[in-house]
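# Notes for the structure review
These are the residues of each chain, in order.
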Amino acid sequence: MIELMAMFIVALAGLFLLVLGCIALIRPARAQGFLLGFASIARVHFLELSIRLVIGLSFLGCWRELEFGEVFRVVGWVLVLTTLVMLLVPWSVHRQFAIWAVPKALRYTPLFGASSIAMGLAVFAVLSSGTET
């Protein structure tokens, strides 16, 4: 049951990546505003961290059930560990970093959008491929 819930959350993360990629390609200014919004106030910063932690734990909760599960395991640990580090960093530092980094990343909006879509599709491909044999 936990694996099924974890896979559902991972699927939602894949959907998020697909939607984010499409928005980045179609409405880059909206994508930039959305990404900058995560660090806009402390409450949203902690919401982002909570979501990242849940997604990371979900990747860790289902990796054994999937083909290419080791990739899911690594992604899960990266999300969990970076989230724990971000918990130690004041949100104002996160905000300053986002203000600096997001516009730089969005200079490459087509690449950012295509990469996000590719990652979302990869998540769905792995989830739909069945379990490891």
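Conventions we followed
- Residues numbered from 1 in each chain as written.
- Predicted model: local features only at pLDDT ≥ 70, side-chain atom pairs only at ≥ 80, totals over all residues.
- Heavy atoms only, no water.
- Phe/Tyr/Trp six-rings, centres within 6.5 Å; stacked < 30°, edge-to-face > 60°.
- Helix = DSSP H or I, 4+ residues; strand = E, 2+ residues; numbered from the N terminus.
- Buried < 20%, exposed > 50% of the residue type's maximum accessible area, 1.4 Å probe, protein only.
- Salt bridge = Lys/Arg side-chain N within 4 Å of Asp/Glu carboxyl O.
- Patch = residues over 30% accessible without salt bridge, like charges linked within 9 Å, V, L, I, M, F, W, Y side chains within 5 Å.
- Areas by Shrake-Rupley, 256 points an atom, 1.4 Å probe, with all protein chains shown as cover.
- Polar contact = N/O pair within 3.5 Å; in protein donor to acceptor, adjacent residues only side chain to side chain.
- Contact = heavy atoms within 4.5 Å.

This paragraph deals with the packing of aromatic side chains. The final tally for this structure, using the stated rule, is three aromatic pairs. Plain terms: the ring middles of Phe 97 and Trp 100 are 5.8 Å apart, the flat faces sit at 45° to each other, and that makes the pair tilted. Within this pair, Phe 97 and its partner Trp 100 are both found in helix 5 (residues 91-106), separated by three residues, close to a single helical turn. Across the pair, Trp 100 and Phe 97 agree in class, each one exposed.

All right, on to the pattern of salt bridges then. Under the definition given, this model contains one salt bridge. Across the pair Glu 70 and Arg 73 runs a salt bridge whose closest N-O atoms are separated by 3.6 Å. Pair noted here: Glu 70 and Arg 73 are both in helix 4 (residues 69-88), with a separation of three residues, about one helical turn.

Right, let's get into a nonpolar patch on the surface. A cluster of nonpolar side chains, contributed by Phe 8, Leu 12, Leu 15, Val 19 and Ile 23, occupies part of the molecular surface with about 430 Å² of accessible area. Assignment of secondary structure puts Leu 15 in helix 1 (residues 2-26).

Note that Arg 52 resides in helix 3 (residues 42-62). Side chain to side chain, Arg 52 and Thr 83 meet in a polar contact 3.1 Å long. The residues touching Arg 52, leaving out its near neighbours within four places in the chain, are Leu 79, Thr 82, Thr 83 and Met 86.

So, on to the environment of Leu 60. Counting through the fold element by element, Leu 60 comes out in helix 3. Put simply, Leu 60 and Met 7 are 53 residues apart on the chain and 9.9 Å apart in space, counted from C-alpha to C-alpha. Among all residues touching Leu 60, those that are not within four sequence positions of it are Arg 73, Gly 76, Trp 77 and Val 80.

This next bit is on unusual backbone geometry. The phi dihedral of Phe 68 falls on the positive side, at around 60°, and the residue is not glycine. Residue placement: Phe 68 occurs in the loop between helix 3 and helix 4.

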